[in-house]
Every structure is written in C-alpha cells, then in structure tokens.
Amino acid sequence: MAGMAVIAVTYTYADQPSRLDELRADHRAFLSRLHEAGAVVVSGPLPATPAYPAGALLLVDTVDADAALRLLDDDPFLRAGLVAERSAREWVPVIGTLGG
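Described below are features of the structure shown in this document. If you're wondering where the values come from, they're calculated on a predicted model, not measured in any experiment.

1. Here's the deal with the nonpolar core
Working step 1: Grouped together as the largest cluster of nonpolar side chains are 21 residues, with contacts concentrated most on Val9, Tyr11, Leu58 and Leu72.
Working step 2: Residue assignment for this core shows that the elements contributing at least two residues are β1 (5-13), α1 (17-36), β3 (55-62) and α2 (65-71).
Working step 3: With residues near it in sequence (within four places) discarded, Leu58 still touches Ile7, Ala8, Val9, Tyr11, Leu31, Val42, Ser43 and Leu72.

Here you go:
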C-alpha cells in the first residue's frame, strides 16, 4: 500500500461573489468534516488581487493528487460550478510545522 502524502490543492473561484457567499457555510461545513476526519490538514481563502482572482488553498493528507481531488468532488462550491479551476500536486514540507 502506498504511503500518505500532503497534497496542495488550489481552487480558482468563478467570478460570482454572491453565489459564493450563499454557499460559503455549506462549503466550510464540508471542509470541516474532512478536517475532523483527518483528511484536510488546513484550508483557507486566497483573496483576490489585481493579478489573481479569488480562490483557496487546501492541504490534504491522502495517497496522491487524484485521491485528493476525488475527496473534494462533493464540495458544494464545486458542485455548484463555482470552482472555475482546480489543481493538485504533492507538497513536501521541509522547514517548519503546521499547527500545534
């Protein structure tokens, strides 16, 4: 069996702020359940800037990038078409720690 990996998943949100606001509580509840189960290590928004649209960064503890994306397939934002793009790749932390 393959070992676990930390996968960095990025979302780019569709430019639909009112719809994002409507579903934000459901989106966060979904991610909170995955966090409580130990699958989502940490997640949070990437605020929009003049150079980049709004999005999110999620660190997921799973076997590979494909498994991380499958785990997030039921995200209410994704199901509602509010994730314009997403990507996933392994992240190998070398210095520092997350959390306590």
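2. Focus on the packing of aromatic side chains
Working step 1: Applying the stated criterion across every chain, the model contains 2 aromatic pairs.
Working step 2: An aromatic cluster is present here, built from Tyr11, Tyr13 and Phe77 joined pairwise through their rings.

3. So, a nonpolar patch on the surface
Working step 1: Together, Val41, Val42, Trp91 and Leu98 make up a nonpolar patch on the protein surface, roughly 330 Å² of accessible area in all.
Working step 2: Within the secondary structure, Val41 sits in strand β2 (residues 40-46).
Working step 3: On the basis of relative accessibility, which here comes to 33%, the residue Val41 falls in the partly exposed class.

4. Concerning α1
Working step 1: Spanning 20 residues, α1 covers 27 Å between terminal C-alpha atoms, matching the ideal 28 Å at 1.5 Å per step.
Working step 2: Along its length, α1 reaches its greatest deviation from straightness, about 50°, at Leu23.
Working step 3: Of the residues making up α1, those classed as buried are Leu20, Leu23, His27, Phe30, Leu31 and Leu34.
Working step 4: Positioned one or two residues after α1, Gly38 has a phi angle of 90°, which is positive.

5. Regarding the sheet that holds β3
Working step 1: Pairing within the open sheet is antiparallel, and its 4 strands lie in the order β2-β3-β1-β4. Each having just a single partner strand, β2 and β4 (83-91) make up the two edges of the open sheet. The sheet shows a mean angle of 15° between the axes of neighbouring strands, taken without regard to direction.
Working step 2: Relative to β3, β1 runs antiparallel, the two being bridged by 8 bridges. Each residue of the ladder has a partner; that of Val9, found in β3, is Leu58.

Here is what the cut-offs are and how they apply
Residues numbered from 1 in each chain as written. Predicted model: local features only at pLDDT ≥ 70, side-chain atom pairs only at ≥ 80, totals over all residues. Heavy atoms only, no water. Core = buried A, V, L, I, M, F, W, Y, C linked by side-chain atoms within 4.5 Å. Buried < 20%, exposed > 50% of the residue type's maximum accessible area, 1.4 Å probe, protein only. Helix = DSSP H or I, 4+ residues; strand = E, 2+ residues; numbered from the N terminus. Contact = heavy atoms within 4.5 Å. Phe/Tyr/Trp six-rings, centres within 6.5 Å; stacked < 30°, edge-to-face > 60°. Patch = residues over 30% accessible without salt bridge, like charges linked within 9 Å, V, L, I, M, F, W, Y side chains within 5 Å. Areas by Shrake-Rupley, 256 points an atom, 1.4 Å probe, with all protein chains shown as cover. Salt bridge = Lys/Arg side-chain N within 4 Å of Asp/Glu carboxyl O. Expected span 1.5 Å × (residues − 1). Bend = angle between axes of the 7 residues up to and from the residue. Pairing = 2+ DSSP bridges. Axes fitted to C-alpha atoms, helices over the stretch in contact; angles between N-to-C directions.

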